[in-house]
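Chain by chain, the residues:
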Amino acid sequence: MPDRLKVAIVGASGYGGSELLRLLLYHPHVEVVAMTSRSKAGKAIGSVHPNLGHHADRLFSDDPMDRVAANCDAVFFALPHGEAMSRVRPFADKDRLILDLSADFRLRDAKAWEAAYGKPHAAPDLIPSFVYGQTECFRDQIKKARRVACPGCFPTGAILALAPLAREGLLKGRVILSAATGSSGSGAEPSDKTHHPFRAEDFRAYRVLNHQHVGEIVQALTDLGARELDLLFIPHSAPMVRGISTTAVASLPLPMKSEDLAAMYRLQYQGESFVRVLADPPRAGVVAGTNFADVSVAAKGKDAVLLSAVDNLVKGAAGQAVQDLNLMMGWPETTGLEYPGTWP
Ligand SMILES: NC(=O)c1ccc[n+]([C@@H]2O[C@H](COP(=O)([O-])OP(=O)(O)OC[C@H]3O[C@@H](n4cnc5c(N)ncnc54)[C@H](OP(=O)(O)O)[C@@H]3O)[C@@H](O)[C@H]2O)c1
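Each value, and the rule that gives it
Residues numbered from 1 in each chain as written. Predicted model: local features only at pLDDT ≥ 70, side-chain atom pairs only at ≥ 80, totals over all residues. Heavy atoms only, no water. Helix = DSSP H or I, 4+ residues; strand = E, 2+ residues; numbered from the N terminus. Rg over C-alpha atoms; globule rule 2.2 N^0.38 Å. Buried < 20%, exposed > 50% of the residue type's maximum accessible area, 1.4 Å probe, protein only. Core = buried A, V, L, I, M, F, W, Y, C linked by side-chain atoms within 4.5 Å. Domains from an automatic or database assignment. Contact = heavy atoms within 4.5 Å. Near = heavy atom within 4 Å. Polar contact = N/O pair within 3.5 Å; in protein donor to acceptor, adjacent residues only side chain to side chain. Areas by Shrake-Rupley, 256 points an atom, 1.4 Å probe, with all protein chains shown as cover. Axes fitted to C-alpha atoms, helices over the stretch in contact; angles between N-to-C directions. Left-handed = near helix turned anticlockwise from the far one by under 90°. Nonpolar A, V, L, I, M, F, W, Y, C, P; charged D, E, K, R; others polar. 1 Å grid on protein atoms, 1.4 Å probe; cavity = no way out; pocket = protein on both sides within 12 Å on 5 of 7 lines; lining within 4 Å. Points joined across faces, edges and corners; volume = space filled by probe spheres on them. Pairing = 2+ DSSP bridges. Phe/Tyr/Trp six-rings, centres within 6.5 Å; stacked < 30°, edge-to-face > 60°. Lys NZ or Arg CZ within 6 Å of the ring centre and 35° of its normal.

## Quick word on the overall build of the chain
Right, so step 1: Looking only at helices and strands, the chain features 11 helices and 13 strands.
Right, so step 2: Scaling as 2.2 N^0.38, a compact globule of 344 residues should have a C-alpha radius of gyration of about 20 Å, and the chain matches this with 19 Å.
Right, so step 3: If you line up the chain on its principal axes, its C-alpha atoms span 60 × 45 × 40 Å.
Right, so step 4: Out of the 344 residues belonging to the chain, those deemed buried represent 53%.

Structure, rendered in structure tokens:
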């Protein structure tokens, strides 16, 4: 496959890695040349990702990063936060395309990163070379980028729900953001947060007003035109495997009708392949497995409610990363991503 882009996935045994493999093994312009995992090295892909078990010749490896960097054109990092930043250097030195699914390069301020994630940043000099990868909002920058910090799943849902208001100069001050995530948002390693009996019949808030993604959401919305944002974020853990369902409440500077607000959203997202503005509230189950973000809005006087639903692992992680790679390479943005979800 000489014309294909050689792609490596670092952290391929996790949930983000699983989705990257599901998408990239079928991408017409990509060849997956490496999939790394420390614990699964030497094992076949199906031992971890049974949905891909028919790719029996695909084995995980634990190759050192300089060897992986020497043999690829592009790398996706799907490691826990704080790990990509200490492994990225060989790829940067060789000017490989880099797409990081973790939080390591999302915040422009290394001190803010340290405050949010509790340890010093290992590669602060590389932060300015990364572009924030929320495709619909920062498309022009992503097209020119060689390094992309892919947004988190909560930020993807929040930014797509609020970006049209920010762009119109209508987003200022207090915003209340409540979002519910499925269990796959916590990764493949079981814990008392993700273990089925603890979650399956339960619904609870966590990290109330203290979630590490707030800085990234505020940074992106401010870049888009929001002012003096005072974001109160209340994440919830929902009894579903996939999905982020977001409800944002904002105060508009002038009273608006629901239909006028909806018309504004439809205009802003006109031509977007993966954002659908709906009349009814979006459903996480409908976008599951897809790269779609469904959005709907309502207004009563100056109060606006902005809703979105995304799949945390697709539009909230691997799918958006592939969408960004398509842009970086000048391929049609939808390549390898055009399929609906399943229903029922
Ligand atoms: N899950 C989501 O919905 C989602 C959405 C958006 C962004 N993200 C971000 O994407 C990244 C990956 O998330 P995930 O859900 O895929 O996590 P995961 O399921 O826990 O997978 C993590 C991967 O990294 C490897 N790994 C774990 N600890 C490591 C370490 N200390 N050093 C090197 N490798 C290590 C694991 O394999 P080995 O231990 O075998 O090496 C595995 O391949 C995270 O930064 C996460 O915040 C996740």
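## What about the nonpolar core?
Right, so step 1: Judged by nonpolar contacts, the single largest core of 82 residues is most densely connected at Leu 20, Leu 165, Leu 171, Leu 221 and Leu 306.
Right, so step 2: For this core, the element with the most residues is helix H6 (residues 153-167), which contributes 10 residues.
Right, so step 3: Formed jointly, this core draws a minimum of three residues from each of two domains, domain 1 (5-129) and domain 2 (153-312).
Right, so step 4: Excluding anything up to four places from it in sequence, Leu 171 contacts Leu 162, Leu 165, Ala 166, Leu 221, Ala 226, Arg 227, Leu 229 and Ala 250.
Right, so step 5: Among the nonpolar cores identified, the runner-up in size contains 26 residues, and Ala 69, Phe 91, Ala 92 and Ile 127 belong to it.

## Side note on the site of the ligand
Right, so step 1: Surveying the vicinity of the ligand reveals 27 residues, the closest of which are Ser 13, Gly 16, Ser 37, Ser 39 and Leu 79.
Right, so step 2: Between the ligand and Ser 39, the relevant distance is 2.5 Å, taken from an oxygen atom to a side-chain nitrogen or oxygen of the residue.
Right, so step 3: Within the contact set of the ligand, an oxygen atom lies 2.8 Å away from a backbone nitrogen or oxygen of Ala 188.
Right, so step 4: Compared with its free state, where it exposes 890 Å², the ligand has 84% of that area covered by protein.
Right, so step 5: Counting only domains with at least three residues in the shell around the ligand, you end up with domain 1 (5-129) and domain 2 (153-312).

## Description of the packing of helix H5 (residues 135-144) against helix H11 (residues 314-329)
Right, so step 1: At a closest axis distance of 10 Å, the pairing of H5 and H11 adopts a crossing angle of 35 degrees. Relative to H11, H5 is oriented so that their crossing is right-handed. Contacts from Thr 135, Glu 136, Arg 139, Ile 142 and Lys 143 of H5 reach H11 at Lys 315, Gln 320, Gln 323, Asp 324, Leu 327 and Met 328.
Right, so step 2: Across the contact of H5 with H11, the residue classes tally to three nonpolar, three polar and five charged.

## Re the layout of surface pockets
Right, so step 1: Taken as a whole, the second largest pocket spans an internal volume of roughly 180 Å³.
Right, so step 2: What lines the second largest pocket is simply Phe 105, Arg 106, Arg 108, Ile 127, Pro 128, Phe 130, Val 131, Tyr 132, Phe 138, Gln 141, Gln 219 and Asp 223.
Right, so step 3: At the level of elements, strand S5 (131-132), H5 and helix H8 (214-224) are the ones that each hand at least two residues to the lining of the second largest pocket.
Right, so step 4: Per-class residue counts for the lining of the second largest pocket are seven nonpolar, two polar and three charged.

## A short note on the environment of Met 256
Right, so step 1: Tracing the backbone shows Met 256 in the loop between strand S10 (244-251) and helix H9 (258-268).
Right, so step 2: For the pair Met 256 and Ala 304, spaced 48 residues apart in sequence, the C-alpha separation works out to 8.2 Å.
Right, so step 3: Not counting chain neighbours up to four residues away, the residues in contact with Met 256 comprise Leu 170, Leu 261, Met 264, Ala 299, Lys 300 and Gly 301.

## Examining the sheet that holds strand S2 (residues 30-36)
Right, so step 1: Taken together, six strands build an open sheet; the order of strands is S2-S1-S3-S4-S6-S5 and the sheet is parallel. Every interior strand has two partners, whereas the edge strands, S2 and S5, have only one.
Right, so step 2: Two strands pair when backbone bridges link them, and S5 and strand S6 (residues 147-149) are joined in this way by two bridges, in the parallel orientation. Within S6, the residue paired with Tyr 132 across the bridge is Ala 149.
Right, so step 3: Here helix H1 (residues 15-24) sits on the sheet and contacts strand S1 (5-10), S2 and strand S3 (74-77); the angle it forms with S1, its principal contact strand, is near 160 degrees.

## Some remarks on the sheet that holds strand S7 (residues 172-181)
Adjacent strands of a sheet form backbone hydrogen bonds with each other and so pair up, either parallel or antiparallel.
Right, so step 1: Strand order in the open sheet formed by seven strands is S8-S9-S7-S10-S13-S12-S11, and the pairing between neighbours is mixed. At either end of the open sheet lies a strand with only one pairing partner, and these are strand S8 (204-205) and strand S11 (275-277).
Right, so step 2: By the bridge criterion, eight bridges tie strand S12 (residues 293-300) to strand S13 (residues 303-310) in an arrangement that is antiparallel. Bridged to Val 297 within S13 is Leu 306.
Right, so step 3: Its contacts with the sheet put H8 on S7 and strand S9 (227-237), and the angle it makes with S9 is roughly 140 degrees.
Right, so step 4: The strands touched by H9 are S11, S12 and S13; relative to S12, the strand with the most contacts, the crossing angle is about 150 degrees.

## Remarks on the environment of Pro 282
Right, so step 1: Relative to the helices and strands, Pro 282 is located in the loop between S11 and helix H10 (284-287).
Right, so step 2: Distance from Pro 282 to Thr 246, taken between C-alpha atoms, is 9.2 Å for residues 36 residues apart in sequence.

## Describing the packing of aromatic side chains
Right, so step 1: Applying the stated criterion across every chain yields a total of seven aromatic pairs.
Right, so step 2: Look at Trp 113 and Tyr 117: their rings are 4.9 Å apart centre to centre, the planes differ by 25 degrees, and that puts the pair in the stacked class. With a gap of four residues between them, Trp 113 and Tyr 117 both fall in helix H4 (residues 110-117), about one helical turn apart. Accessibility classification places Trp 113 together with Tyr 117 in one group, the buried group.
Right, so step 3: Across from the ring centre of Phe 292, 4.0 Å away, lies the NZ or CZ of Arg 276, which sits over that ring.

In short, geometric facts, not functional conclusions.
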